[in-house]
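Fold and geometry: a report
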Amino acid sequence: MSSESPERRDRDRDRERDRDRDRDRRKKKSQPCSLFVRNLNLKIRVDDLKDLFSKYTKVRDVYIPLDHKTGESRGFAFIEFYSKRYVNFSFEYLVIGF
């Protein structure tokens, strides 16, 4: 028979659960997240978009789909960021104008 009180066992179990939860949070890396941007000038380049968004936050990649027949931009792009918080940050500065 254990000499610990039920309250102490509950408290110890809760602490262990909290430690496990914190450990799991630290292991999770933030997932890349993309922002869809449309109505772009057909002459826009990857470097133009990367320079624009990099002023406000960290950009991982920029992808501008091209028309297969003409080789020109289709007028939209995907800006990939390192995490969702970077997307929110750049959105606030570029679109809302904070």
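Just above, that's the structure.
Figured I'd write up the structure that's included with this text. Everything numeric here is computed off the predicted structure, so don't read it as measured data. (Residues numbered from 1 in each chain as written. Predicted model: local features only at pLDDT ≥ 70, side-chain atom pairs only at ≥ 80, totals over all residues. Heavy atoms only, no water.)

1. Things to note about the environment of Ser34
With respect to the helices and strands, Ser34 occurs in strand 1 (residues 33-38). Classification of Ser34 as partly exposed rests on a relative accessible area of 42%. C-alpha separation for the pair Ser34 and Phe81, spaced 47 residues apart in sequence, amounts to 6.0 Å. For Ser34, the residues in contact, after removing those within four places along its chain, are Ile79 and Glu80. (Helix = DSSP H or I, 4+ residues; strand = E, 2+ residues; numbered from the N terminus. Buried < 20%, exposed > 50% of the residue type's maximum accessible area, 1.4 Å probe, protein only. Contact = heavy atoms within 4.5 Å.)

2. Concerning the pattern of salt bridges
By the definition in use, this model includes two salt bridges. A salt bridge links Arg60 to Glu80, with the nearest nitrogen and oxygen atoms 3.8 Å apart. Residue Arg60 is located in strand 2 (residues 59-63), and its partner Glu80 is located in strand 3 (residues 76-81); the two are separated by 20 residues in the primary sequence. Note on Arg60: relative accessible area 40%, which makes it partly exposed. According to the relative accessible area criterion, Glu80 is partly exposed, its value standing at 23%. (Salt bridge = Lys/Arg side-chain N within 4 Å of Asp/Glu carboxyl O.)

3. Observations concerning the pairing of strand 3
In terms of strand pairing, strand 1 meets strand 3 through six bridges, oriented antiparallel. Across the sheet, residue Leu35 finds its bridge partner in strand 3, namely Ile79. When strand 2 meets strand 3, the two strands line up antiparallel, connected through four bridges. Of the residues in strand 3, the one forming a bridge with Val62 is Ile79. (Pairing = 2+ DSSP bridges.)

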